[in-house]
Amino acid sequence: MTKQQKSEVVDFLTGEFKESQAIVVCDYKGLTHKELETLRNDARENGAKVQVAKNTLVTVAVRNAELGDIELSGTNIFLWSDDQISACKVADKFAMANKDKFEIKSGIIEGEISDIARVNAFAKLPSREELLGMLAATWMAPVQNFTIGLDALSKKKEEEAA
């Protein structure tokens, strides 16, 4: 890579990392191109982004985004998203399906460097849509129970009248 290309990559990653709430660092040694495409497609469907970049460039981008100093070594692929859960879920799901070739190493969640346990904990949380569905169901439960009660009461009155 030329110095100009490296600078462009660092600038791109810095901008992306500043906007993201979660960055997950994974080891992808041994994955085929087809498996990497599967990961990229899953990430795209869930609102996350994926990139393979040199560790030194990512370290500079993380530092420029004011997210701290992260220690990187080996082959790494980086997933990030605008929310804390999407990137963690994609990485966790893919790691479960490809245990021998894909491993979560660490991450940066809400501006703090995180270990594997914290990334996995965020992966187990329900998504925003699931939480909104639970909230809607909770709000609708009293109305639903009230209508069921009224329906049962009207059926009882009809039976008494007959």
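Residues numbered from 1 in each chain as written. Predicted model: local features only at pLDDT ≥ 70, side-chain atom pairs only at ≥ 80, totals over all residues. Heavy atoms only, no water.

Thoughts on the side chain of Ser86
And then number 1: For Ser86, the position within the fold is in helix α4 (residues 86–97).
And then number 2: Among residues more than four places away in sequence, those in contact with Ser86 are Asn46 and Ser81. (Helix = DSSP H or I, 4+ residues; strand = E, 2+ residues; numbered from the N terminus. Contact = heavy atoms within 4.5 Å.)

Observations regarding the nonpolar core
And then number 1: Val24, Cys26, Leu39, Ile77, Leu79 and Phe102 are the most contacted members of the largest nonpolar core, which totals 25 residues.
And then number 2: Elements supplying a minimum of two residues to this core: β1 (22–27), α2 (33–45), β2 (48–52), β3 (77–81), α4, β4 (103–109) and α5 (116–124).
And then number 3: Setting aside anything within four residues of it in sequence, one finds Leu39 in contact with Val50, Ile77, Leu79, Val90, Phe94 and Phe102. (Core = buried A, V, L, I, M, F, W, Y, C linked by side-chain atoms within 4.5 Å. Buried < 20%, exposed > 50% of the residue type's maximum accessible area, 1.4 Å probe, protein only.)

With respect to a nonpolar patch on the surface
And then number 1: Taken together, the side chains of Leu132, Leu135, Trp139, Met140 and Val143 make up a nonpolar region of the molecular surface, amounting to roughly 530 Å² of accessible area.
And then number 2: You can see Leu135 is positioned in helix α6 (residues 128–161). (Patch = residues over 30% accessible without salt bridge, like charges linked within 9 Å, V, L, I, M, F, W, Y side chains within 5 Å. Areas by Shrake-Rupley, 256 points an atom, 1.4 Å probe, with all protein chains shown as cover. Salt bridge = Lys/Arg side-chain N within 4 Å of Asp/Glu carboxyl O.)

Overview of the pattern of salt bridges
And then number 1: Taken as a whole and judged by the stated rule, the model has eight salt bridges.
And then number 2: Between Glu35 and Lys101 there is a salt bridge, and its shortest N-O distance comes to 3.1 Å. In this pair, Glu35 is assigned in helix α2 and Lys101 in the loop between α4 and β4, connecting sequence segments 66 residues apart.
And then number 3: The class for Lys101 is partly exposed, based on a relative accessible area of 31%.
And then number 4: Residue Lys124 pairs with Asp92 through a salt bridge whose shortest N-O separation is 3.0 Å. Of this pair, Lys124 sits in helix α5 while Asp92 sits in helix α4, and the two are 32 residues apart along the sequence.
And then number 5: Judged by relative accessible area, which is 55%, Lys124 ranks as exposed.
And then number 6: Of the residues examined, Asp92 reaches a relative accessible area of 11% and is grouped as buried.
And then number 7: Look at the salt bridges and you will find they share partners, linking Glu110, Glu112 and Arg118 into a network.

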